[in-house]
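Here is how the chains run, residue by residue.
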Amino acid sequence: MTYLNCSEQDCCHNKGGCCCLDSIKMHHNSAHTAMCASFASNEGYANAAVDNAPGQAETDIRCDDGACRHNKNHTCCSDLVGISQGRTGPCCAAREE
């Protein structure tokens, strides 16, 4: 599992910088960017996680970014992954070619 630090405050799965999902998906969407495909807008949910599960620091991350050095068999093997707001949405800050 990977320690996930999410700063995407507009996601309904974010609880205090942690994700309340057991597993998230990252999608390679351009030459140098991987996006959180598990992002769900909290609009209409009053800034609360929709599943009422507690946030957890460690999360499995499935990723299709074959160019990232942390990707091993579609699983992120980085010890720490940050998700931050990019120009096109929530991006992986740990991505390295």
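Structure report, in brief.

Scoring rules and cut-offs
Residues numbered from 1 in each chain as written. Predicted model: local features only at pLDDT ≥ 70, side-chain atom pairs only at ≥ 80, totals over all residues. Heavy atoms only, no water. Helix = DSSP H or I, 4+ residues; strand = E, 2+ residues; numbered from the N terminus. Buried < 20%, exposed > 50% of the residue type's maximum accessible area, 1.4 Å probe, protein only. Contact = heavy atoms within 4.5 Å. Areas by Shrake-Rupley, 256 points an atom, 1.4 Å probe, with all protein chains shown as cover. Pairing = 2+ DSSP bridges. Core = buried A, V, L, I, M, F, W, Y, C linked by side-chain atoms within 4.5 Å. Salt bridge = Lys/Arg side-chain N within 4 Å of Asp/Glu carboxyl O.

### Quick notes on the overall build of the protein
- Of regular secondary structure, the protein possesses 0 helices and 10 strands.
- Start at the N end of the protein and walk to the C end: the helices and strands fall as β-β-β-β-β-β-β-β-β-β.
- Relative to its 97 residues, the protein shows a buried fraction of 40%.
- Put simply, of all contacts in the protein between residues at least 6 apart along the chain, 68% involve residues at least 24 apart.
- Just so you have it, the protein exposes about 5,600 Å², and 48% of that area is on carbon and sulfur atoms.

### Remarks on the pairing of strand β9 (residues 80-86)
- In this sheet, β9 lies alongside strand β1 (residues 2-6) in parallel orientation, the contact comprising 4 bridges. Of the residues in β9, the one forming a bridge with Y3 is L80.
- In this sheet, strand β10 (residues 89-92) lies alongside β9 in antiparallel orientation, the contact comprising 4 bridges. Bridging from a neighbouring strand, S84 pairs with C91 of β10.
- The hairpin turn running from β9 into β10, its antiparallel successor, is 2 residues long.

### So, the environment of G82
- Structurally, G82 is set in strand β9.
- Residues G82 and Q9, 73 residues apart in the sequence, show an inter-C-alpha distance of 13 Å.

### Considering the environment of C76
- Relative to the helices and strands, C76 is located in strand β8 (residues 75-76).
- Considered as a pair, C76 and K25 are 51 residues apart in the sequence and their alpha carbons are 9.7 Å apart.

### Re the nonpolar core
- Judged by nonpolar contacts, the single largest core of 15 residues is most densely connected at L4, I24, M26, I61, V81, I83 and C92.
- For this core, the secondary-structure elements that each account for two or more residues are β1, β4 (23-30), β5 (33-36), β6 (58-63) and β9.
- When neighbours within four sequence positions are excluded, M26 is seen to be in contact with A34, M35, C36, A37, I61, R62, C63, D64, I83, C91 and C92.

### Considering the pattern of salt bridges
- Counted by the stated rule, this structure contains 3 salt bridges.
- Across the salt bridge formed by R69 and E96, the nearest N and O atoms sit 3.1 Å from each other. Of the two residues, R69 sits in the loop between β6 and β7 (71-72) while E96 sits in the segment after β10, which places them 27 residues apart along the sequence.
- Among the ionic pairs, E97 bridges to R95, the shortest N-O distance being 3.5 Å.
- The class for E97 is exposed, based on a relative accessible area of 57%.
- Several salt bridges share partner residues, and in doing so they unite D65, R95 and E97 into one network.

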